[in-house]
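Residue-level structure breakdown
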Amino acid sequence: MSRFGVLVVGPAGCGKSTFCAALISHIANTKRSCILLHHSWVPGKLIREGLYVNLDPAATEFEYEPAVDIKDLITLEDAMEEMGLGPNGGLMACFEFLMENLDWLDSSLDDIGEDTLVIFDCPGQIELYTHVPILPNLAKHLTGHLQFSLAASYLLESTFVIDKSKFFAGTLSAMSAMIMLEIPHINIMSKMDLVKGQFSKRELKRFLDPDPGIILGDVHKETNPKFHRLNECVVGLIDDFSMVQFLQLESQDEDSVQGILSYIDDCVGWSEVQEPQIRDEPDMDYTEPVED
Ligand SMILES: Nc1nc2c(ncn2[C@@H]2O[C@H](COP(=O)(O)OP(=O)(O)OP(=O)(O)O)[C@@H](O)[C@H]2O)c(=O)[nH]1
Ligand SMILES: [Mg+2]
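Residues numbered from 1 in each chain as written. Chains lettered and ligands numbered in written order. Predicted model: local features only at pLDDT ≥ 70, side-chain atom pairs only at ≥ 80, totals over all residues.

Heads up, the condition is: UniProt positions are given in the numbering used here, feature names are shortened, and annotations may be inferred rather than shown by experiment.
The name an unreviewed UniProt entry gives the protein chain is GPN-loop GTPase 3, with Tuber aestivum as the organism. Taken directly from UniProt, the Subunit (unreviewed entry) text for the protein chain runs: "Binds to RNA polymerase II (RNAPII)."

1. A short note on the site of ligand 1
Selection rule: Each residue gets a C-beta atom placed from its backbone. If that atom is within 6 Å of a molecule or strand, the residue is near it. The numbering of helices and of strands both runs from the N terminus, where a helix is a DSSP run of H or I of at least 4 residues and a strand a run of E of at least 2. Think of it as three bins: nonpolar holds Ala, Val, Leu, Ile, Met, Phe, Trp, Tyr, Cys and Pro, charged holds Asp, Glu, Lys and Arg, and polar takes everything else, Gly as well.
Around ligand 1 there are 15 residues in total, and G15, K16, S17, T18 and G124 lie nearest to it. The element that contributes the greatest number of residues to the shell around ligand 1 is helix α1 (residues 16-29), accounting for three residues. Its residues assigned to classes, the shell around ligand 1 comprises three nonpolar, seven polar and five charged.

2. Let's talk about the packing of helix α11 (residues 212-222) against helix α12 (residues 228-241)
Cut-off, in case you're wondering: To get an axis, fit a line to the C-alpha atoms, keeping to the stretch in contact for a helix; angles then go from 0 to 180 degrees between the N-to-C directions. Roughly parallel here means an angle under 35 degrees, roughly antiparallel means over 145, roughly perpendicular means 65 to 115, and every remaining angle is called oblique. Helix crossings get a hand from a simple test, with the near helix turned counterclockwise from the far one by less than a right angle marking a left-handed crossing and a clockwise turn marking a right-handed one. Any pair of residues counts as being in contact when their C-beta atoms, constructed from backbone geometry, are within 7 Å of one another.
One way to put it is that α11 packs onto α12 with a least axis distance of 10 Å and a crossing angle of 160°. Here α12 runs roughly antiparallel to α11, going by the angle between their axes. Crossing of α11 against α12: the hand is right-handed. Only H228, N231, E232, V235, I238 and D239 of α12 make contact with α11, whose side of the interface consists of P212, G213, L216, V219 and H220.

3. Side note on the sheet that holds strand β7 (residues 247-248)
Stated formally: Here, strands pair whenever DSSP counts at least two bridges between them.
As summarised here, the arrangement of the seven strands in space is β3-β2-β4-β1-β5-β6-β7, forming an open sheet in which the pairing is parallel. Of all the strands in the sheet, just β3 (68-69) and β7 have a single pairing partner and so form its edges. In this sheet, strand β4 (residues 117-121) lies alongside strand β2 (residues 52-54) in parallel orientation, the contact comprising three bridges. Within β4, the position partnered with N54 by the bridge is D121.

4. Some words on the nonpolar core
Counted only if it meets this: For this entry, the nonpolar core is defined as buried Ala, Val, Leu, Ile, Met, Phe, Trp, Tyr and Cys residues connected by C-beta atoms within 7 Å. Put plainly, a residue is buried at 20 or more neighbouring C-beta atoms within 10 Å of its own, exposed at 12 or fewer, and partly exposed in between, counting only other residues' C-beta atoms, which are placed from the backbone.
Of all hydrophobic cores here, the largest spans 76 residues; its most connected members are V6, L7, V8, L23, I119 and F120. Here this core takes seven residues from strand β5 (residues 148-157), the largest share from any one element. Contact partners of L23, with chain neighbours within four places excluded, come to I119, V257 and L261.

5. What to know about the packing of helix α4 (residues 76-83) against helix α5 (residues 87-100)
Closest axis-to-axis distance for the α4/α5 pair is 8 Å, and the angle between their directions is 105°. Considering the angle they form, α4 stands roughly perpendicular to α5. Within the contact between the two elements, α4 uses L76, A79, M80 and M83 and α5 uses P87, G90, L91, A93 and C94. Across the contact of α4 with α5, the residue classes break down as eight nonpolar, one polar and no charged.

6. Observations concerning the environment of M178
Along the chain, M178 turns up in helix α9 (residues 164-181). Distance from M178 to Y129, taken between C-alpha atoms, is 9.2 Å for residues 49 residues apart in sequence.

7. Some details on unusual backbone geometry
In this structure, Q147 is a non-glycine residue whose phi angle is positive, near 55°. Residue position: Q147 is located in the loop between α8 (134-143) and β5. Even without being a glycine, K191 presents a positive backbone phi close to 55°. Among the structural elements, K191 can be located in the loop between β6 (185-190) and α10 (201-208).

8. Let's talk about the pairing of β4
β4 sits mainly inside the fold: five of its five residues count as buried. Inspection of the sheet shows strand β1 (residues 3-9) paired to β4 by five bridges, in the parallel sense. Within β4, the residue paired with V8 across the bridge is D121.

Structure follows, in structure tokens:
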């Protein structure tokens, strides 16, 4: 049995939930999972039977009904009220509770159809994977105990490229997530529609496939000379790793979503498993009859 999943992570408000919904719409439009779930396609049914997992205990509105919702285990209000915590402390407490009750997640994911790509919509608090190893441990559980072939997609908002020092901060957080999660990782520059008109293709390329050395000059101009040495060290760090590249995402654009889904499919190996299948045929037994 193959199980595939993608953790959608990134800072608050970067467009994670919108991207999850766009992925689901696209998968539904192309009807690719209907066969993989139950050989039938009923709009909406797909969503209840798998695919979308909400891991944000503060999320209340969804474009698609989650198949699994952390709020069925614990809500942010409960955690805040019972432990006398604020919203961020409450969120950490929710995840600690989830980690102590992983059997709940195991049983919730038990019914997920074979070969379905499960989309995990994560909260925007990046401390969950940059400071404390909660999401990394969850990823280990999914890949180890539940045998998911799992990838992470890290979203960074495109408006970060307008402020170059913010871009470096964002790139560092993407790197940090990549290193902490230890699973195949895709960086995505979200909300590209917001900056497309403002930059030429060449200028945008500088950020999508960053050469920090070139951007450094611009950052120097924008920062106090006292910090130039620090800027250089940060650039050196990004350069040394040479691992950060971004794919472009416009969640309203189906081609853009398809492009990113193809990367995710490749990362988790979904495509490899699908190729031999005859999609519109019911399961058939092709083995030779055994003679008595
Ligand atoms: N212009 C534009 N806006 C977008 C895009 N994607 C998301 N947004 C908007 O950005 C805002 C935040 O989007 P969400 O999908 O809720 O972001 P999120 O990362 O899930 O937010 P949190 O869960 O609170 O961390 C919403 O107002 C979206 O409509 C996009 O591709 N283009
Ligand atoms: Mg969200």
